[in-house]
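Here's the letter readout for the chains.
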Amino acid sequence: MLLGNLLLALAWAALQGEFSLGTLLTGFVLGYLILVALVHGGVLGASPYIGRVHRVFGLAAYFLWELIRANIRLAVDVATPRYHMKPGIIALPLDATQDGQILLLSMLINTTPGSVALDVSPDRKTLYVHVMYMDTPDGAREEIKRGFERRVLEVLG
């Protein structure tokens, strides 16, 4: 499927007469949409490529949403005279077992304002996270597990 998508992107660029990054990206997206339509129409068999791309875009969209939400929350907290931060450190039990999964989860946590992945336990079963806005430790754990960790496991699992 990936090869087919790349060939459709190249065909699009050839039809446009321009092999620029924008043309190739447009062709790649259009090719992907064509492949999705062919799979859903029963012309092509099911492919893990189609589902994985959906999950990657889902993770990216969720990350952007969380990034915007965290930035707004932090900006409002800094701009108002009242102090809303409730910082704390939680021990997050990990379902992620592979190095890549733990690394991606930690990177997503670190790049979201208001949270920092501090350390991983030696047995790699617990991630220690500093959270700036924590109502309850269980709530903070659940938010990370249902949000980032679930999506990371869907993409890299």
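Preceding this section is the structure that the text describes.
Scope of this entry: the structure provided in the associated data block. (Residues numbered from 1 in each chain as written. Predicted model: local features only at pLDDT ≥ 70, side-chain atom pairs only at ≥ 80, totals over all residues. Heavy atoms only, no water.)

1. Some words on the pattern of salt bridges
A full pass over the atoms with the stated rule returns nine salt bridges. Here Arg69 makes a salt bridge to Glu143, at a shortest N to O gap of 2.6 Å. Here Arg69, found in helix α3 (residues 48–79), pairs with Glu143, found in helix α5 (residues 137–156); they are 74 residues apart in sequence, far enough to count as distant. Connected through shared salt-bridge partners, Glu66, Arg69 and Glu143 make up one network. (Salt bridge = Lys/Arg side-chain N within 4 Å of Asp/Glu carboxyl O. Helix = DSSP H or I, 4+ residues; strand = E, 2+ residues; numbered from the N terminus.)

2. Comments concerning the packing of aromatic side chains
Evaluated as defined, the whole model comprises three aromatic pairs. Look at Tyr32 and Tyr49: their rings are 6.1 Å apart centre to centre, the planes differ by 75°, and that puts the pair in the edge-to-face class. Residue Tyr32 is found in helix α2 (residues 21–40), and its partner Tyr49 is found in helix α3; the two are separated by 17 residues along the sequence. Here Tyr32 matches Tyr49 in class, with each residue buried. Aromatic pair Phe63 and Phe148: ring centres 6.4 Å apart, planes at 50°, arrangement tilted. Placement of Phe63 in helix α3 and of Phe148 in helix α5 is noted, with a sequence separation of 85 residues between them. The exposure class of Phe148 is buried, given its relative accessible area of 6%. By way of ring pairs, the aromatic residues Tyr62, Phe63 and Phe148 are connected into one cluster. Geometry around Tyr62 places Arg151 over its ring, the cationic atom sitting 3.9 Å from the centre. (Phe/Tyr/Trp six-rings, centres within 6.5 Å; stacked < 30°, edge-to-face > 60°. Buried < 20%, exposed > 50% of the residue type's maximum accessible area, 1.4 Å probe, protein only. Lys NZ or Arg CZ within 6 Å of the ring centre and 35° of its normal.)

3. Quick notes on a nonpolar patch on the surface
A contiguous nonpolar patch, built from Leu3, Leu7, Leu10 and Phe19 and spanning about 440 Å² of accessible area, is present on the exposed surface. The residue Phe19 is located in the loop between α1 (2–16) and α2 in this model. By relative accessible area, Phe19 is classed as exposed at 56%. (Patch = residues over 30% accessible without salt bridge, like charges linked within 9 Å, V, L, I, M, F, W, Y side chains within 5 Å. Areas by Shrake-Rupley, 256 points an atom, 1.4 Å probe, with all protein chains shown as cover.)

4. Quick notes on α1
Because the α-helix completes a turn every 3.6 residues, residues three or four places apart line up on one side. Across its 15 residues, α1 extends 21 Å between first and last C-alpha, which sits within 8% of the 21 Å expected from 1.5 Å per residue. Among the residues of α1, Asn5, Ala9 and Ala13 are the ones counted as buried. Along α1, the residues classed as buried sweep out an arc of 75° about the axis, all on the same side. Turned more than 90 degrees away from the buried face of α1 sit Leu3, Leu7 and Leu15, all of them exposed. Looking at the packing, one finds that the buried side of α1 touches α2 and α3. Taken from the residues just after α1, Gly17 is the one with a positive phi, measuring 75°. (Expected span 1.5 Å × (residues − 1). Arc of directions from axis to C-beta. Contact = heavy atoms within 4.5 Å.)

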